[in-house]
Amino acid sequence: MTRARGAEMRRIHVGNALSAFGLGFTVPYLYVYVAQVRDLGSMTAGLVLAVFAVAALVVLPFAGRAIVRRGPLPVLVLALLTAAAGALSLGLASSSTAVLLSAAALGAGQAVMQPALATMIVDFSSAETRSRAFATQFFLQNLGLGVGGLIGGHLVDASKASSFTLLFSIEAAMFLLLVVVMATVRMPRAPRVEGAPGQDRGSWKQLLGNRAMVQLCVLGFVLFFACYGQFESGLSAYGVEAAGISTSTLGTALAANTAMIVVAQFAVLKFVERRKRSRVIGAVGLIWALAWLTAGYAGLGHGSQAMATAAFVSTYALFGLGEAMLSPTVAPLVADLAPSGMAGQYNSAFALVKQLALAVGPAVGGPMGASLPGPYIVTFLLFSLGITFLAVRLGRHLTPVQNQPSLAKSRVVVRGGAPVEPVQAAA
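Residues numbered from 1 in each chain as written. Predicted model: local features only at pLDDT ≥ 70, side-chain atom pairs only at ≥ 80, totals over all residues. Heavy atoms only, no water.

(A) Inspection of the overall build of the protein at higher detail. Looking only at helices and strands, the protein has 18 helices and zero strands in total. Here the protein has a C-alpha radius of gyration of 21 Å; the compact-globule value for 427 residues is 22 Å, and the two agree. Taking the principal axes of the C-alpha coordinates as reference, the protein spans close to 55 × 50 × 40 Å. Across the 427 residues that make up the protein, the buried fraction comes to 55%. When contacts within the protein are restricted to residue pairs at least 6 apart in sequence, long-range pairs at least 24 apart make up 85% of them. (Helix = DSSP H or I, 4+ residues; strand = E, 2+ residues; numbered from the N terminus. Rg over C-alpha atoms; globule rule 2.2 N^0.38 Å. Buried < 20%, exposed > 50% of the residue type's maximum accessible area, 1.4 Å probe, protein only. Contact = heavy atoms within 4.5 Å.)

(B) How the structure looks around the pattern of salt bridges. Across all of its chains, the model carries four salt bridges by this definition. One salt bridge in this structure joins Glu8 and Arg11, with 3.4 Å as the shortest N-O distance. Placement of both Glu8 and Arg11 in helix H1 (residues 3–26) is noted, with a separation of three residues, approximately one turn of the helix. Residue classification places Glu8 among the buried residues on the basis of a relative accessible area of 10%. (Salt bridge = Lys/Arg side-chain N within 4 Å of Asp/Glu carboxyl O.)

(C) A look at helix H9 (residues 211–226). In a regular helix each residue adds 1.5 Å, so 16 residues correspond to 22 Å; H9 covers 23 Å between its end C-alpha atoms and thus fits that length. Here H9 starts with a cap whose side-chain oxygen sits 3.2 Å from the backbone nitrogen of Ala212, and that cap is Asn210. (Expected span 1.5 Å × (residues − 1). Polar contact = N/O pair within 3.5 Å; in protein donor to acceptor, adjacent residues only side chain to side chain.)

(D) Region of interest: the side chain of Thr136. The topology assignment puts Thr136 in helix H6 (residues 130–155). Thr136 has contacts with His13 and Phe266, leaving out every residue within four places of it along the chain.

(E) Here's a closer look at the packing of aromatic side chains. Enumeration according to the criterion identifies 17 aromatic pairs in this entry. Taken together, the ring pairs connect Phe221, Phe224, Phe225, Tyr228, Tyr238, Trp288, Trp292, Phe319, Phe350, Tyr376, Phe380 and Phe383 into an aromatic cluster. (Phe/Tyr/Trp six-rings, centres within 6.5 Å; stacked < 30°, edge-to-face > 60°.)

(F) The confidence of the model for the protein, seen in detail. Across the protein, the average pLDDT comes to 84, with 90% of residues at 70 or higher. Contacts for the low-pLDDT stretch residues 191–199, under 50 throughout, to residues beyond four places or in other chains number 10 contacts. The low-confidence segment residues 410–427, where pLDDT is below 50, has 46 contacts with residues more than four positions distant or belonging to other chains. (pLDDT = per-residue confidence, 0-100.)

(G) Highlighting unusual backbone geometry. Its identity as a non-glycine residue notwithstanding, Asp39 has a phi of 55°, on the positive side. Here Asp39 shows up in the loop between helix H2 (30–37) and helix H3 (41–70). On the basis of relative accessibility, which here comes to 64%, the residue Asp39 falls in the exposed class.

If you want it as structure tokens, here you go:
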């Protein structure tokens, strides 16, 4: 990577950290803010969380087209401005209608940020540096969320609506600051996909014709459904109801998850960079299977409460280890499967799959974790083993370079994706 590209990448990483820092201020307190502080009730608060998911599902199919046509930077700036407006208005909203409209704007903006920033990372990285770039992104996101949540917790006061207005104003300010930072980034000239009318339909047809990408999307859905979709719903409900875990212990478990990611990310990176991606993902499935077995002991075993607490916290730490292994593996693989100039479309499609899994996961896991602890553990243990099976199957449809980029020289892989011929062959 040249010095100029390194400087641009640092700006992008600063942007990732700023956006995560802003989100950390408000995400943990959104339900309390709507239901209690604004006194709009639990139903409205639940609708707000649903609106976030729906807004993402609506805008992401169009985000990919816009990134391909206009480039990731203009799309990112528009998303940031939309999110800033949503955050600021949410902090001032006092009626159900205003809260829901503000949440829709904030959710849509947040959703589009992900593929836009990911595409910028692709544009400024090579096959050799991409895994490290995405690992750094994931590290800074978790660090930003953790620090933001910690500071936000000290600023917020449930008896004062003005304290929440301050939190949402800080979040909006972080998004606007990110607009300023991104305005200094000089994007490289990327190949544009020109075509006749129907080009958008053709790009989706091309994506769906790529067997490796379709299998990666299926695998991605299972990954996010079985892990991320359970953190704040099914697994927490299971911990409280079956394992007798206190709310403070839930906070400790989430902190253990973040701490594992922060501590292990770059140590794990050295291991991951020398291994086949399909095998790394398969290993994550086994690690998460162990995590669900540990959670099973916490709630269904016959040990002491101290042992149950330790097992439950360890569950979250094991999930964190798997996340640290996935961050330099899955996102770079999406980019390497994309034909030149189509990284935005592929990133948006994968983000859409992620949002769908995060919407379905809590809806399925929450009730099961609270009322059917045994079947809940068995179900998600099987999903984790399914990750290993799907990863091995995916590996058969990847070229050697796609599966293990360390085999390639820098001149083999073009910016924005893998060589066109191998991708088409794998499709």
